[in-house]
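# Summary of the model geometry
Now for the letters of each chain:
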Amino acid sequence: MKVRIINKSRHPLPDYATPLSAGMDIRANLPDNLILGPLERALIPTGLYISLPEGYEAQMRPRSGLALKQGITLLNTPGTIDADYRGEIGVILVNLSSDYVTIKDGDRICQMVVTSHSRVEWEPVETLDDTERGAGGFGHTGKE
């Protein structure tokens, strides 16, 4: 699938790290280093603008290594980029560690997964069909 993209950053286009990767690395596009203190969050610009086809979305997801090693993750994950959005892609990073973390220009800060999605048409009813699970939720399957 071809997706139109404008790259106003100083970095290469997002790409897949391996042939079977689902996500593409997204880089910070910063004029200066940004220091995130413990529990601080910031909107990080990417310099990227995309035009997705109808029926698709881009999901912004954390990078596991950044989360494990530095405590940096995305505050709203997955962040959704809709097919009709044309603004710059921004990524809300949060520092969940107890240390100060420096985000530098060009750092790989998250990954983007482009995927199709469905739209629903609601059908109001008075009852739903029964299942074995029923209304059980919030960890009920772990109890015996």
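Each chain carries its own residue numbering, running from 1 in the written order of its sequence. Owing to the predicted nature of the model, reporting of local features is limited to residues with pLDDT of at least 70; listing and counting of side-chain atom pairs is limited to 80 or more, with chain, interface and lining totals taken over all residues. Computation of side-chain values covers all heavy atoms of the structure but excludes hydrogens and water.

## Comments concerning the overall build of the protein
Rule in force here: Numbering of helices and strands runs from the N terminus; a helix is a DSSP stretch of H or I covering at least four residues, while a strand is a stretch of E covering at least two. Based on C-alpha atoms, the radius of gyration is set beside the globule rule, defined as 2.2 Å times the residue count to the power 0.38. Think of it in three bands: residues with accessible area under 20% of the maximum for their type are buried, residues over 50% are exposed, and the middle band is partly exposed, with areas taken using a 1.4 Å probe on protein chains only. Contacts are assigned to residue pairs with any non-hydrogen atoms lying within 4.5 Å of each other. Residue exposure ignores everything except the shown protein chains as possible cover, and the areas themselves are Shrake-Rupley values with a 1.4 Å probe. In summary, the charge assignment counts Lys and Arg as positive and Asp and Glu as negative, without counting His or the chain termini. Taken as the charge location is NZ of Lys, CZ of Arg, CG of Asp or CD of Glu.
When helices and strands are tallied, the protein shows one helix and eleven strands. In sequence order, the secondary structure elements of the protein are arranged as β-β-β-β-β-β-α-β-β-β-β-β. Its C-alpha radius of gyration of 19 Å places the protein more than 25% over the 15 Å reference for a compact globule of 144 residues. Viewed in the frame of its principal axes, the protein has a C-alpha envelope of about 55 × 40 × 30 Å. Split into buried and exposed, the 144 residues of the protein put 31% on the buried side. Intrachain contacts of the protein at a sequence separation of at least 6 include 69% that bridge at least 24 residues. Of the roughly 10,400 Å² of accessible surface on the protein, 50% is carried by carbon and sulfur atoms. With 15 positive and 19 negative side-chain charges, the protein shows a separation of 11 Å between the mean positions of the two kinds.

## Some details on the environment of Gly23
Residue position: Gly23 is located in the loop between β1 (4-7) and β2 (24-27). On a C-alpha basis, the gap between Gly23 and Tyr100 in space is 27 Å, while along the polypeptide they are 77 residues apart. With sequence-adjacent residues up to four places away left out, Gly23 is seen in contact with Asp15, Tyr16, Gln111, Met112 and Val113.

## Focus: the nonpolar core
Convention followed: Only buried residues count toward a nonpolar core. Its members are Ala, Val, Leu, Ile, Met, Phe, Trp, Tyr and Cys residues joined through side-chain atoms within 4.5 Å.
Formed by 25 residues in total, the largest nonpolar core has its most connected members in Met60, Leu93, Ile103, Ile109 and Met112. Among residues more than four places away in sequence, those in contact with Leu93 are Leu36, Glu40, Arg41, Ala42, Ile44, Ile72, Thr73, Leu74, Ile103 and Ile109.

## Topic: the pairing of strand β11 (residues 108-116)
The condition that has to hold: Here, a strand pair is defined by DSSP locating no fewer than two bridges between the strands.
Taken together, the four bridges between β2 and β11 define a ladder with antiparallel strand orientation. Note that in β11 the partner of Arg27 across the bridge is Arg108. By the bridge criterion, six bridges tie strand β6 (residues 56-61) to β11 in an arrangement that is antiparallel. Residue pairing for β11: Met60 is matched across the bridge by Met112.

## Brief notes about the environment of Pro38
Within the fold, Pro38 resides in the loop between β3 (34-36) and β4 (41-45). With 83 residues separating them along the chain, Pro38 and Glu121 place their C-alpha atoms 43 Å apart. Ignoring sequence-local partners within four residues, the contact set of Pro38 consists of Asn95, Ser97, Ser98, Asp99 and Tyr100.

## Side note on the pattern of salt bridges
Selection rule: Criterion for a salt bridge: a side-chain nitrogen of Lys or Arg within 4 Å of a carboxyl oxygen of Asp or Glu.
Counted under the stated rule, the structure contains three salt bridges. Two residues, Asp105 and Arg10, come together in a salt bridge whose shortest N-O distance is 3.0 Å. Taken together, the positions of Asp105 in the loop between β10 (101-103) and β11 and Arg10 in the loop between β1 and β2 put the pair 95 residues apart, joining distant regions of the chain. Among the salt bridges present, the one from Asp25 reaches Arg63, with a minimum N-O distance of 3.4 Å. Of the two residues, Asp25 is situated in strand β2 and Arg63 in the loop between β6 and α1 (64-70); the sequence distance between them amounts to 38 residues. Note on Asp25: relative accessible area 15%, which makes it buried. If you follow the salt bridges from partner to partner, you end up with Asp25, Arg63 and Arg108 in one network.

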